[in-house]
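Each chain is listed here by its residues.
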Amino acid sequence: MPTLRIATRKSPLALWQSEHVAARLRVAHPGLTVVLVPMSTRGDEVLDRSLAAIGGKGLFLKELEIAMQRGEADCAVHSLKDVPMVLEPGFALPAILARADHADAFVSNRFEDLDALPQGAVVGTSSLRRQAQLRARRPDLVLRDLRGNVNTRLAKLDAGEYDAIVLACAGLSRLGFDERIRKRLDAPAWLPAPAQGAIAIECRDETPEMQEICQALDDETTRLCTEAERAMNRALHGSCHVPVAAYAHLDGQHLYLAGLVGSATDGRIVRAHAPGRGDMPEGLGLEVAEKLLAQGARALIDVHL
């Protein structure tokens, strides 16, 4: 059995996810040695500007991909929501693990939920998708950027810089912060980022042995749902520059996808949903994207590009 080296970001959540994958791989392949190769990425280092302003979530991947190309690592572990809709040439995603909680979390030390916030309350989030949905629901709120890892964001809330913040439930749960979740913001009223809650393993596509090792962790249901969500986003040319949300779930042989495009500046939102065949996620993603475009989504997207 070869040694498998996992490139990972150094944030507590990234390290948790990579350790989780490493542990699962050791169980799936007794005798396999798995080691982590922690790295710092530009997305982690530049915290004084929004992700959209410095180039998007792809900044979390670039250094890890370079490490694989140099032969310093065999694979990388990512939050799938941070993975660009089109991979760099030469890379593949051999495994998408079973999804954790897909929902967003309302986190506040003083208020129960969004509706309980007083007029003009300060809410922190760096996500344009979350900002658009917050503006649509509570146009009176003051929205402020919030960068840094989960621990840093919670510390800023505790220091009184915000009345509330919005984070991903999955990240909070993975780091043992379940008790900080005051309210789940869930579908269909509130939609997550495409593929939120799912962990992906990325390899070079010319390493079939490594891909085969990683494929043991692939979850078919999660792959189908996230493929539909990512196909919709890809058809809209979505990225972290654009407020796009999507959530798919599988019910028997049928896949259901809901999508949303919004404006982070004025809270305008268009929504669409459709059922489809479980084995055709790409087609369902395209169908919902077309419905969104027919309602004027392009104008909302172009504002943010």
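In what follows, the structure referred to is the one given above.
A. Structural view of the pairing of strand β8 (residues 164-168). Of all five residues in β8, five are buried, a share of seventy percent or more. Every second residue of β8 is oriented toward a common face, with Ala164, Val166 and Ala168 on one face and Ile165 and Leu167 on the other, all of them buried. As defined by bridge partners, strand β5 (residues 104-107) adjoins β8 across four bridges and the pair is classed as antiparallel. Along β8, the bridge assignment pairs Val107 with Ile165. Bridging between strand β6 (residues 122-124) and β8 involves two bridges; their strand directions are parallel.

B. Broad picture of the pattern of salt bridges. Applying the stated criterion to the full structure yields 20 salt bridges. Close ionic contact of Asp101 with Arg184 constitutes a salt bridge, the shortest N to O distance being 2.9 Å. Of this pair, Asp101 sits in the loop between β4 (91-96) and β5 while Arg184 sits in strand β9 (residues 183-185); the two residues are 83 residues apart in sequence, bridging distant segments of the chain. According to the relative accessible area criterion, Asp101 is partly exposed, its value standing at 25%. Among the residues examined, Arg184 registers a relative accessible area of 39% and is labelled partly exposed. Between Asp140 and Arg138 there is a salt bridge whose closest N-O contact spans 2.8 Å. A relative accessible area of 24% places Asp140 in the partly exposed class. The exposure class assigned to Arg138 is buried, which follows from its relative accessible area of 12%. Look at the salt bridges and you will find they share partners, linking Arg9, Lys81 and Asp82 into a network.

C. Seen up close, the side chain of Asp74. Along the chain, Asp74 falls in the loop between α4 (62-69) and β3 (75-79). Looking at Asp74, its side chain comes within polar contact range of the main-chain nitrogen of Arg5, at 2.8 Å. Excluding anything up to four places from it in sequence, Asp74 contacts Thr3, Leu4, Arg5, Met68, Cys203 and Met210.

Parameters at a glance
Sequence positions are assigned chain by chain, starting from 1 and proceeding in written order. Reporting in this predicted model follows two pLDDT cut-offs: at least 70 for local features of residues, and 80 or more for side-chain atom pairs to be given and counted; totals over whole chains, interfaces and linings ignore these cut-offs and use all residues. Here the side-chain values reflect all heavy atoms present in the structure, with hydrogen atoms and water set aside. The buried label applies to any residue whose accessible area, calculated with a 1.4 Å probe on protein chains only, is under 20% of its type's maximum; exposed applies above 50%, and partly exposed to all values in between. Where helices and strands are cited, they refer to DSSP runs of H or I of at least four residues and of E of at least two residues respectively, numbered from the N terminus. Only strands joined by at least two bridges in the DSSP assignment are considered to pair. By convention in these notes, a salt bridge is any Lys or Arg side-chain nitrogen within 4 Å of a carboxyl oxygen on Asp or Glu. N or O atoms within 3.5 Å of each other form a polar contact, as long as, within protein, one can give a hydrogen and the other can take it, and as long as residues adjacent in sequence are counted only when both atoms are side-chain atoms. Should any heavy atoms of two residues lie within 4.5 Å, those residues are considered in contact.

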